[in-house]
Every structure is written in C-alpha cells, then in structure tokens.
Amino acid sequence: MNYSHRSPKGNRHMRRVLNQTANAAARTKGSIFEIVYRRSVPRLGHNQAIGAIAHRQCRLIWLILHQGVRYEELGPAVNNQSKQRRTKRMIRQLRQLGYRIESPNPQPSQAQAQ
C-alpha cells in the first residue's frame, strides 16, 4: 500500500514547531525519541522519521493536556529492558533447538550456590 509522504493540511506554524522539537528530541542523547529516530531512519529516511517523532510528540502533548497524564522520560531504560527480553527469548529458542546454553553473567544467587 502506498501512502503519501506529505503531512496533512493543518496549522502550518504548529507543524513547523513540532518538526523543530522533533529534530531537537532526536538529537538529545539518551531520550526515547533518539531511540525511535535511530530505529526508524534506515527504513523511512530523515524527513519521515522526524515526521513520525513529531506525530508521536503531538499525541503525547495531547495526552498531557487533556488527560493530565504525567510524562516520565524512560530513555535508555527501555533499550536495556528490550535487550534483556530479547536475550531471554533467544536463549529459550536455542534451548528448544537442543543447544546447551550457560548464562554469560550468572545471577548473584546462582553464583553463591556454586
């Protein structure tokens, strides 16, 4: 399915401000928006990745203003959690295939038991 690469009609000033904030957020070290930018720029290219971040920020701003939700920056914590989940899933898959896997960094309780 082909989608238009142009943003829809709307407040042009708001769109410019959102694109500027998206550019700044994508370049902020350790922010969730930097992670989203790095993940989507190879597929979408710079402009569309910035548009996606601007859209995400717009939804976030709407939630904060209308529902009073408090924003909490997760940043690298999201990356670490996803790495841990992926590692566990890959180890489980290897074990199902018959490989014997030892954990690279044993948990403190396992190290004391040995």
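Structure first, text after, so check above.
Basis of the calculations
- Residues numbered from 1 in each chain as written.
- Predicted model: local features only at pLDDT ≥ 70, side-chain atom pairs only at ≥ 80, totals over all residues.
- Heavy atoms only, no water.
- Patch = residues over 30% accessible without salt bridge, like charges linked within 9 Å, V, L, I, M, F, W, Y side chains within 5 Å.
- Areas by Shrake-Rupley, 256 points an atom, 1.4 Å probe, with all protein chains shown as cover.
- Salt bridge = Lys/Arg side-chain N within 4 Å of Asp/Glu carboxyl O.
- Helix = DSSP H or I, 4+ residues; strand = E, 2+ residues; numbered from the N terminus.
- Buried < 20%, exposed > 50% of the residue type's maximum accessible area, 1.4 Å probe, protein only.
- Lys, Arg positive; Asp, Glu negative; His and termini not counted.
- Charge placed at Lys NZ, Arg CZ, Asp CG, Glu CD.
- Expected span 1.5 Å × (residues − 1).
- Arc of directions from axis to C-beta.
- Contact = heavy atoms within 4.5 Å.
- Polar contact = N/O pair within 3.5 Å; in protein donor to acceptor, adjacent residues only side chain to side chain.
- Axes fitted to C-alpha atoms, helices over the stretch in contact; angles between N-to-C directions.
- Parallel < 35°, antiparallel > 145°, perpendicular 65-115°, else oblique.
- Nonpolar A, V, L, I, M, F, W, Y, C, P; charged D, E, K, R; others polar.

Moving on: a nonpolar patch on the surface. On the surface, I61, I64, L65 and Y71 cluster together into a nonpolar patch covering about 370 Å² of accessible area. Of note, L65 is situated in helix α3 (residues 46–67). Judged by its relative accessible area of 65%, L65 falls in the exposed class.

What follows covers a positive patch on the surface. A grouping of R6, R12, R15 and R16 is seen on the molecular surface, where their side chains present a positively charged patch. Mapped onto the fold, R16 is located in helix α1 (residues 12–26).

Now for α1. Under the 1.5 Å per step criterion, the end-to-end length of α1 is 21 Å for 15 residues, consistent within 8% with the ideal 21 Å. Regarding α1, the residues found buried are L18, A22, A25 and A26. End-on, the buried residues of α1 take up no more than an arc of 90°, which puts them together on one face. Opposite the buried face of α1, by more than 90 degrees, sit the exposed residues R12, H13, R16 and Q20. Check the buried side of α1 and you find it contacts α2 (32–44) and α3. For α1, the N-terminal cap is N11; the gap from its side-chain oxygen to the backbone nitrogen of H13 is 3.0 Å.

Here we take up the environment of E34. Mapped onto the fold, E34 is located in helix α2. Between the C-alpha atoms of E34 and A22, which are twelve residues apart in sequence, the distance is 9.4 Å. Discounting chain neighbours no more than four positions away, the residues touching E34 are A25, A26, T28 and K29.

Any two side chains of opposite charge can pair if their charged atoms end up close together. Applying the stated criterion to the full structure yields one salt bridge. Residues R38 and E34 are paired through a salt bridge, measuring 3.1 Å at the closest nitrogen-oxygen approach. Of this pair, R38 and E34 both sit in helix α2, four residues apart, which is roughly one turn of the helix.

Relative to the elements of secondary structure, G30 occurs in the loop between α1 and α2. In this structure G30 comes out as partly exposed when scored by relative accessible area, which is 28%.

What follows covers the packing of α1 against α3. Contact pair α1 / α3: the axes reach a minimum separation of 8 Å and the direction vectors enclose 105°. In terms of their interaxial angle, α1 and α3 are classed as roughly perpendicular. Counting all contacts with α1, which are made through L18, N19, T21, A22, N23, A25 and A26, the residues of α3 involved are H46, I50, G51, I53, A54, Q57, C58 and I61. Considered class by class, the residues forming the contact of α1 with α3 number nine nonpolar, six polar and no charged.

The topology assignment puts S40 in helix α2. Residue S40 is classed as buried on the basis of its relative accessible area, which comes to 5%.

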